[in-house]
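# Structural features, examined
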Amino acid sequence: MATEKWVLMVTAQTPTNIAVIKYWGKRDETRILPVNDSISVTLDPDHLCTVTTVAVSPAFDRDRMWLNGKEISLSGSRYQNCLREIRSRAGDVEDKEKGIKIGKKDWEKLYLHIASHNNFPTAAGLASSAAGFACLVFSLAKLMNVEEDPSHLSAIARQGSGSACRSLFGGFVKWTMGSKEDGSDSVAVQLADEKHWDDLVIIIAVVSSRQKETSSTSGMRESVETSLLLQHRAKEVVPKRILQMEEAIKSRDFASFTQLTCTDSNQFHAVCLDTSPPIFYMNDTSHRIISLVEKWNRSEGTPQVAYTFDAGPNAVLIARNRKVAVQLLQGLLYYFPPKSDTDMKSYVVGDNSILKEAG
Ligand code: DP6
C-alpha cells in the first residue's frame, strides 16, 4: 500500500423492489432468515433508487456513514454484519493511474466513508432499506474487488435488510427462504429479466410520505409472536402461491398475476390486523384506491391493474400496458388530486428495469 494520502471511490445506483408475494416474518432475527419465500419486481432505477458513494483512504480514522446528508451510526448489527462479510471477501485492488495498490490484508486496517441518498421518502413503506442495503453491499463489493456473483452478494445484503437481497437483480426476483441454519442458501435469484415483461407500467401513489409508526422489523416480529394467520400463510398458502406466481410471470399471464398480487397484499395486511396489538399500515385513501381498482377490473371483465401495499399506505399499481397506465393515472388524478383534501401527495411512474452501476 502506498504511504501518500489518496482516496479511492466507487458510486453505484440501486433501485428499490416491490414484493408481489410478500416477505413477512423471520425464523432467525440475527441472520434475517424469512418464514417464507417471496417474489418481487425491481423498479426503474431512475425513479426510486439509492445512490451510494463508498470511499477508502488511509486518512480516514474510522468507518462513517451519511444518509441523505446526515451522519448516522454504523454501530448497529445490520451494518456491522454487512461490513464484516464484505471485508472478509475483499480482494487485491490496484489503480495504476493514482499509483494505489491495496492488498487483501490491507482492507482490515483501512476505514470507509459512505454517503447514501434516496430519491424517495425514507421509511415511508417504499422499501428504502431494500435499495439502501443492496446499494451499500454492491458498491463496497466493487470498491473492494469482491468476486462474488449477485446471489452470493444478495445473502450479504439480506443481513442488512431482508428485502434488500432482491434488489441485487432487475426484473422479477425470488428470495428463496433456504433451509440451512447459517443462511447460506437464503439467497435471491432472478426469475426473469426486465425485458421479459416490459409492457407493465408501475405507478406509485404516494399517499403519505410520513415515516411509518411501526417499522417492518418490529411489525413482523409481533406478527410472528402473535398471529396464527401468519403461521397458516407461511406453511400452507405461500408455497403454492409462489409456484403459481412463477408460472404467471413465465407465461405473462396478467389475470393470474393480478389475482395473486392483490390477494397476497390483502393477506399480508390481514396478518397485520391479526397481530396483537393490530397493525394498521393502510389508511382510508389506500382502501379507496383498492375499491377503485377492484371496480374497474370487474367492469372491464378482465384485470387491467394489480395493486399491492407494503408496510405503509402508499399504493403500488401495476398496469398491464401503457394505454391502461394512462387511463389509470387520469382516474387517479380525478379521484385523488394531489394536495387536495385527500392525503394524496404525488405519483411516480416507471417501468421495471435493471440494476445500474453509475461509476
Ligand atoms: C412489507 O425487508 O424492511 O416490504 O428484514 O426487518 O429489514 P427487515 O424488513 P424489510 O421488510 C419488508 C417487508 C415488506 C414485504 C416485502 O418487501 O417482501
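Residues numbered from 1 in each chain as written. Predicted model: local features only at pLDDT ≥ 70, side-chain atom pairs only at ≥ 80, totals over all residues. Heavy atoms only, no water.

Named according to an unreviewed UniProt entry, the protein chain is Diphosphomevalonate decarboxylase originating from Arabidopsis suecica. Under the Function (unreviewed entry) heading, UniProt states for the protein chain: "Performs the first committed step in the biosynthesis of isoprene-containing compounds such as sterols and terpenoids." In its Sequence similarities (unreviewed entry) section, the UniProt entry covering the protein chain states "Belongs to the diphosphomevalonate decarboxylase family." (UniProt positions renumbered as here; feature names shortened; annotations may be inferred.)

### Considering the side chain of threonine 308
The topology assignment puts threonine 308 in strand E15 (residues 305-309). With a relative accessible area of 1%, threonine 308 lands in the buried category. Here lysine 22 takes part through its side chain, which lies 2.7 Å from a polar atom of the side chain of threonine 308. Ignoring sequence-local partners within four residues, the contact set of threonine 308 consists of Ile18, Ala19, Lys22, Thr261, Ser265, Asn314, Ala315 and Val316. (Helix = DSSP H or I, 4+ residues; strand = E, 2+ residues; numbered from the N terminus. Buried < 20%, exposed > 50% of the residue type's maximum accessible area, 1.4 Å probe, protein only. Polar contact = N/O pair within 3.5 Å; in protein donor to acceptor, adjacent residues only side chain to side chain. Contact = heavy atoms within 4.5 Å.)

### Quick word on the packing of aromatic side chains
Taken as a whole and assessed by the stated rule, the structure comprises 12 aromatic pairs. Centroid distance phenylalanine 172 to phenylalanine 257: 6.1 Å. Interplanar angle 80°. Geometry classified as edge-to-face. One end of the pair, phenylalanine 172, is in strand E12 (residues 172-175); the other, phenylalanine 257, is in helix H6 (residues 254-273), and 85 residues separate them in sequence. Since its relative accessible area comes to 1%, phenylalanine 257 is described here as buried. Ring geometry for tyrosine 334 versus tyrosine 335: centroids 5.0 Å apart, planes at 85°, classification edge-to-face. Given a relative accessible area of 65%, tyrosine 334 falls into the exposed group. Site record: aromatic cluster; members linked through ring pairs are Phe172, Trp197, Phe254 and Phe257. (Phe/Tyr/Trp six-rings, centres within 6.5 Å; stacked < 30°, edge-to-face > 60°.)

### A closer look at the site of the ligand
The full set close to the ligand counts 18 residues, and Tyr23, Lys26, Arg78, Ser161 and Ser163 are the nearest of them. Between an oxygen atom of the ligand and a side-chain N or O atom of arginine 78, the distance comes to 2.7 Å. Between the ligand and glycine 162 there is a distance of 2.8 Å, counted from an oxygen atom to a backbone nitrogen or oxygen. Burial of the ligand by the surrounding chains reaches 96%, relative to a free accessible area of 470 Å². (Near = heavy atom within 4 Å. Areas by Shrake-Rupley, 256 points an atom, 1.4 Å probe, with all protein chains shown as cover.)

### Observations concerning the sheet that holds strand E6 (residues 49-57)
Ordered by their spatial adjacency, five strands build an open sheet running E1-E6-E11-E7-E8, and the pairing between neighbours is mixed. Edge strands, defined here as strands with exactly one partner in the open sheet, are strand E1 (8-15) and strand E8 (70-72). Between one strand axis and the next, the sheet turns by 20° as a mean value, whatever way the strands run. Here four bridges tie strand E7 (residues 64-67) to strand E11 (residues 111-118), and the two strands are oriented parallel to one another. Directly across from tryptophan 66, in E11, lies its bridge partner alanine 115. Across the sheet, helix H1 (residues 77-88) is in contact with E7, E8 and E11; its angle to E11 comes to roughly 125°. (Pairing = 2+ DSSP bridges. Axes fitted to C-alpha atoms, helices over the stretch in contact; angles between N-to-C directions.)

### A closer look at the pattern of salt bridges
Per the counting criterion, the structure on display carries 13 salt bridges. Two residues, arginine 221 and glutamate 29, come together in a salt bridge whose shortest N-O distance is 3.3 Å. With a gap of 192 residues between them, arginine 221 in helix H4 (residues 216-226) and glutamate 29 in the loop between strand E3 (26-28) and strand E4 (33-34) connect regions that are remote in the sequence. For the salt bridge of aspartate 264 with arginine 241, the shortest nitrogen-to-oxygen distance reads 2.8 Å. With a gap of 23 residues between them, aspartate 264 in helix H6 and arginine 241 in helix H5 (residues 228-250) connect regions that are remote in the sequence. With respect to class, aspartate 264 is no different from arginine 241; both count as buried. One continuous salt-bridge network, built from bridges that share partners, spans Arg84, Glu85, Arg89 and Glu148. (Salt bridge = Lys/Arg side-chain N within 4 Å of Asp/Glu carboxyl O.)

### Observations concerning the sheet that holds strand E2 (residues 17-21)
Strand order in the open sheet formed by four strands is E2-E5-E12-E13, with antiparallel pairing between adjacent strands. Looking along the sheet, the strands with just one partner apiece sit at the ends: E2 and strand E13 (188-192). Neighbour to neighbour, the strand axes of the sheet diverge by 35° on average, direction disregarded. Pairing of strand E5 (residues 38-42) with E12 involves four bridges; the strand directions are antiparallel. Bridge pairing in E12 links valine 41 to phenylalanine 172. Contacts from H6 reach E2 and E12 within the one sheet, and its direction differs from that of E2 by about 100°.

### Considering the packing of H5 against H6
To characterise two packed helices, one gives the angle between the axes of the helices and the distance between these axes. With their axes 10 Å apart at the nearest point, H5 and H6 run at an angle of 160° to one another. One way to sum up the angle between H5 and H6 is to call them roughly antiparallel. Judged by the sense of rotation from one axis to the other, the crossing of H5 with H6 is left-handed. Here Leu229, Leu230, Arg233, Val237, Arg241, Gln244, Met245, Ala248 and Ile249 of H5 lie close against H6, whose contacting residues are Ser256, Phe257, Leu260, Thr261, Thr263, Asp264, Gln267, Ala270 and Val271. (Parallel < 35°, antiparallel > 145°, perpendicular 65-115°, else oblique. Left-handed = near helix turned anticlockwise from the far one by under 90°.)

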